[in-house]
Amino acid sequence: EVKMRQIVIGLVLVALFAVTARAEEPWDGWESGFVDPADEALWLRGVTSVKIITEDDVTDGCWTNESAVRTAIELSLRRAGIEIIAEADYVDLTSLPHVLALHVDGHGTGLGGCLGIFQLKFVQAVPADAIVPGASDVVLFIPMMSGGYRQGFDTMNEPVRTFAIEKTDALALRILRARDAE
């Protein structure tokens, strides 16, 4: 039974690694939805404020520092001169131009460690009629994303914190470089 569990966990990790490895660019780990780098730069120049969302789908005490990670993300963005949209100012996604969402999903392995995946998405709410003339709904446009996975840790706290800081710093740098290229 223990050997079968280890095999299943191993197969899950191989599958997660294959998906994650495909999604990452070698230099900063952000996959861009833009084909033309000039379009990405133009879009990033317009980023002046961001709403930070953290989604905690972790069980078994495997992620306990969500607040600290959120603070680290906020600090990185503020250093780049990006305003953070406060919870009180948040209505819904249709009222926000840019959202940085960290989603963490994980659980205990039953073998004394934790297994989890995490992803950062930098999204923008776009009117549907900008994509399909005549449409009236708002859609989410996900131009940039990055992901990772971890296993075998007592908790996912440090891997998630490190991932979030590195990727947010890289995103902030892309935004600053796009502004400088103006």
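Just so you know, the residues in each chain are numbered from 1, in the order the chain's sequence is written. Totals for whole chains, interfaces and linings use all residues, but because this is a predicted model, local features are given only for residues with pLDDT of at least 70 and pairs of side-chain atoms are given and counted only at 80 or more. Think of the side-chain values as coming from all heavy atoms in the structure, minus any hydrogens and water.

A. Expanded view of the overall build of the chain. Comment: elements are numbered from the N terminus, with helices defined as DSSP H or I runs of at least four residues and strands as E runs of at least two. A tally of regular secondary structure across the chain gives 4 helices and 6 strands. The secondary structure elements of the chain, listed N-terminal to C-terminal, are α-β-α-β-α-β-β-β-β-α. Taking as baseline every contact in the chain between residues at least 6 positions apart, the subset at least 24 positions apart corresponds to 73%. For the area figures, the Shrake-Rupley method with a 1.4 Å probe applies, and any residue is considered shielded solely by the protein chains shown. As displayed, the chain has an accessible area near 10,000 Å², and 56% of this comes from carbon and sulfur atoms. Throughout, a residue-residue contact means that at least one pair of heavy atoms, one from each residue, lies within 4.5 Å.

B. Region of interest: the packing of helix H3 (residues 66-79) against helix H4 (residues 157-180). At a closest axis distance of 9 Å, the pairing of H3 and H4 adopts a crossing angle of 15 degrees. Overall, the two elements H3 and H4 adopt an arrangement that is roughly parallel. Note on packing geometry: the crossing formed by H3 with H4 is right-handed. Contacts between H3 and H4 pair Val69, Ala72, Ile73, Ser76 and Leu77 from the former with Val160, Arg161, Ala164, Ile165, Thr168, Asp169 and Ala172 from the latter. Under the scheme applied, nonpolar residues are Ala, Val, Leu, Ile, Met, Phe, Trp, Tyr, Cys and Pro; charged residues are Asp, Glu, Lys and Arg; polar residues are all the others, including Gly. For the contact of H3 with H4, the residue count by class is 8 nonpolar, 2 polar and 2 charged. Think of each axis as a best-fit line through the C-alpha atoms, taken over the contacting stretch in the case of a helix, with angles from 0 to 180 degrees between the N-to-C directions. The labels follow the angle: roughly parallel below 35 degrees, roughly antiparallel above 145, roughly perpendicular from 65 to 115, and oblique for the rest. A clockwise turn of the near helix away from the far one marks a right-handed crossing, whereas an anticlockwise turn of less than a right angle marks a left-handed crossing.

C. Seen up close, the environment of glycine 112. Mapping glycine 112 onto the fold places it in the loop between strand S4 (99-108) and strand S5 (114-127). Relative accessibility decides the category of a residue: with a 1.4 Å probe and only protein chains considered, values under 20% of the type maximum give buried, values over 50% give exposed, and everything between is partly exposed. With relative accessibility at 63%, the residue glycine 112 sits in the exposed group. Spatially, the C-alpha atom of glycine 112 lies 8.3 Å from that of phenylalanine 153, the residues being 41 residues apart in sequence.

D. The arrangement of the state of the cysteines in detail. Two cysteine sulfurs form a disulfide in these notes if their separation is within 2.5 Å. All chains considered together, the criterion is met by 1 disulfide. The residue that forms a disulfide with cysteine 62 is cysteine 114, at a sulfur-sulfur distance of 2.1 Å. The disulfide joining cysteine 62 to cysteine 114 has a torsion of about -80 degrees about its S-S bond and is therefore left-handed. Of the two residues, cysteine 62 sits in the loop between strand S2 (49-58) and H3 while cysteine 114 sits in strand S5, which places them 52 residues apart along the sequence. Overall, the relative accessible area of 3% leaves cysteine 114 in the buried class.

E. Quick look at the pattern of salt bridges. For salt bridges, the criterion is a side-chain nitrogen of Lys or Arg within 4 Å of an Asp or Glu carboxyl oxygen. For the coordinates displayed, the defined rule picks out 3 salt bridges. Ionic pairing is found between arginine 161 and glutamate 158, a salt bridge with its closest N-O pair at 2.9 Å. With arginine 161 and glutamate 158 both in helix H4 and 3 residues apart, the pair spans about one turn of that helix.

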